Amino acid sequence: NVIYYVYIMYIVNSCVSTDRPKVAFSAGMNEEIYVGPFNTDTTLIYRTVHTNVGSGYNPNTGIFTAPVKGVYQFSFTTHAGANFSTFVILVHNINHLSMISDWKAMDGSNSAANSAIAHLNVGDQVYVQLYRGTHIWSGLHSSFSGMLLFPL
Amino acid sequence: NVIYYVYIMYIVNSCVSTDRPKVAFSAGMNEEIYVGPFNTDTTLIYRTVHTNVGSGYNPNTGIFTAPVKGVYQFSFTTHAGANFSTFVILVHNINHLSMISDWKAMDGSNSAANSAIAHLNVGDQVYVQLYRGTHIWSGLHSSFSGMLLFPL
Amino acid sequence: NVIYYVYIMYIVNSCVSTDRPKVAFSAGMNEEIYVGPFNTDTTLIYRTVHTNVGSGYNPNTGIFTAPVKGVYQFSFTTHAGANFSTFVILVHNINHLSMISDWKAMDGSNSAANSAIAHLNVGDQVYVQLYRGTHIWSGLHSSFSGMLLFPL
């Protein structure tokens, strides 16, 4: 009987562990203003948090820090204004994952988006960087979101 | 023996409940026409359904209604035509989640995309709204999709 | 006792099978060059692989082949250059899922994105196709990613 009990507890634990950890965040900007241009490359800060399950995203720094090792998907969008170019990179630690760029918009402005999937270790950081000398038009056009697809 | 049977049934149920519910939809527009401008803000209707697991999306209204409480991810895209601006919002009940805009396109046209992750209760609605006085060019450029990331 | 053992093994197998299979890929282009225009419709090849869990994506052909039956989400992005239009389609076997297009960019260039969710059988193929006579500007602007949402 003890052996059965041990078996059963083992099974219960296996079941529980198959429920994947939950990590997802989504943030935007809620002021309709230009951000940049700056003299140095600058991390964009999306202060309006819609979702932050797992608390990986820091709305004071704009940086997502992976709470668990796994494969994550990230999306980001920008809106380019009129007088400067836009040049924005999704960065994983120091690696460039994907990019949006747009030249001076003679027709006023353009929305754009990009995304990537990456392996992250615990503590790895992912953020959106605005290149020096370029700018975006913020507001609900600008978003940064991510989610854990599965742990590794 | 009855006690073991009860234990085992409990475990089976636990296992089954760890299999997350499945909700995902994806729809587009298959007519190459202008949609809008209209005199009032108008919900865009994506009539060509690629996927609708969980039956949350209604292709007659363009509205997704959450079948389970949870965290969902949504994506939408538009294509701007030449003679009017485009101004499109992703709406959760009455809250604006994210936006695409584009001014009159002097260079012909532009594709754009945005996305968001949000907590939804059962019955919450998410849809894409076209602002009054603006338009999009429909067809496969225009898509609206969503998925349950995990229940809460 | 044998009966209990069989029950328990059944339960263990059920538990294990609730852990969804893991499939996700993400790839970009790392050369900053024009791709196209070509005389025929051409599959775009994203040679820089960030992630390829499940090995469904082939960086030599640009084609993702589904390793399991299920519902998948795909995203792709392009960047349009100046002298030709861009016309890019996400294809599932022979079906068109979604599209990005951009006319000759008088204001230099534009980034764009689209996505779709689709049911795939084992062996189904998904890829991004560049229409004949059009081109993209490659580099980190161009990405193709996909993930299994859940098996069927």
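Since this is a predicted model, take the numbers as computed values, not measurements.

**Student:** What is the right way to look at the packing of aromatic side chains in this model?
**Tutor:** Here the distance between the centres and the angle between the planes together describe a pair of aromatic rings. Residue and element names in this part refer to chain A. Applying the stated criterion across every chain yields a total of 36 aromatic pairs over all chains. Plain terms: the ring middles of Phe-25 and Phe-144 are 5.0 Å apart, the flat faces sit at 75 degrees to each other, and that makes the pair edge-to-face. Taken together, the residues Phe-25 in strand S1 (residues 24-28) and Phe-144 in strand S13 (residues 143-151) connect sequence positions 119 residues apart. Residues Phe-25 and Phe-144 agree in their burial class; the two are buried. Pairwise contacts between aromatic rings join Phe-25, Tyr-46, Tyr-57, Phe-64, Tyr-72, Phe-74 and Phe-144 into one cluster.

**Student:** Please explain the pattern of salt bridges as it appears in this structure.
**Tutor:** Two side chains of opposite charge can pair, provided their charged atoms sit close to one another. Residue and element names in this part refer to chain A. Taken as a whole, this structure holds three salt bridges over all chains when the rule is applied. Salt-bridge contacts for Asp-41 lead to Arg-132; the nearest nitrogen and oxygen are separated by 3.1 Å. Remark: Arg-132 occurs in the loop between strand S11 (125-130) and strand S12 (136-137) and Asp-41 occurs in the loop between strand S2 (34-35) and strand S3 (42-43); sequence separation between them is 91 residues.

**Student:** Looking at this structure, how should I read the side chain of Thr-51 of chain A?
**Tutor:** With respect to the element layout, Thr-51 of chain A can be found in strand S4 (residues 48-53). A distance of 2.9 Å separates a polar atom in the side chain of Thr-51 of chain A from the backbone oxygen of Ile-117 of chain B.

**Student:** Please explain the environment of Ala-27 of chain A as it appears in this structure.
**Tutor:** Residues and elements named next belong to chain A. Tracing the sequence through the fold places Ala-27 in strand S1. For the pair Ala-27 and Thr-134, spaced 107 residues apart in the sequence, the C-alpha separation amounts to 21 Å. Sequence-distant contacts of Ala-27, that is, excluding residues within four places in its chain, are made with Tyr-46, Thr-48, Val-49, His-50, Tyr-57, Ser-142, Ser-143 and Phe-144.

**Student:** What's the story with unusual backbone geometry in this structure? I'm lost.
**Tutor:** Keep in mind that most residues, glycine aside, have a negative phi and that most peptide bonds are trans. In this model, Gly-36 of chain A is joined to Pro-37 of chain A through a cis peptide bond whose omega is 0 degrees. Assignment of secondary structure puts Pro-37 of chain A in the loop between S2 and S3. We note that Asn-93 of chain B has phi near 55 degrees; this positive angle belongs to a residue other than glycine. Within the secondary structure layout, Asn-93 of chain B lies in the loop between strand S8 (86-92) and strand S9 (95-102). Classification of Asn-93 of chain B by relative accessible area gives partly exposed; the value is 31%. Backbone geometry places Ser-55 of chain C, a non-glycine residue, at a positive phi of 60 degrees. Counting through the fold element by element, Ser-55 of chain C comes out in the loop between strand S4 (48-53) and strand S5 (57-58). Among the residues examined, Ser-55 of chain C registers a relative accessible area of 61% and is labelled exposed.

What counts and what doesn't
Residues numbered from 1 in each chain as written. Chains lettered and ligands numbered in written order. Predicted model: local features only at pLDDT ≥ 70, side-chain atom pairs only at ≥ 80, totals over all residues. Heavy atoms only, no water. Phe/Tyr/Trp six-rings, centres within 6.5 Å; stacked < 30°, edge-to-face > 60°. Helix = DSSP H or I, 4+ residues; strand = E, 2+ residues; numbered from the N terminus. Buried < 20%, exposed > 50% of the residue type's maximum accessible area, 1.4 Å probe, protein only. Salt bridge = Lys/Arg side-chain N within 4 Å of Asp/Glu carboxyl O. Polar contact = N/O pair within 3.5 Å; in protein donor to acceptor, adjacent residues only side chain to side chain. Contact = heavy atoms within 4.5 Å.

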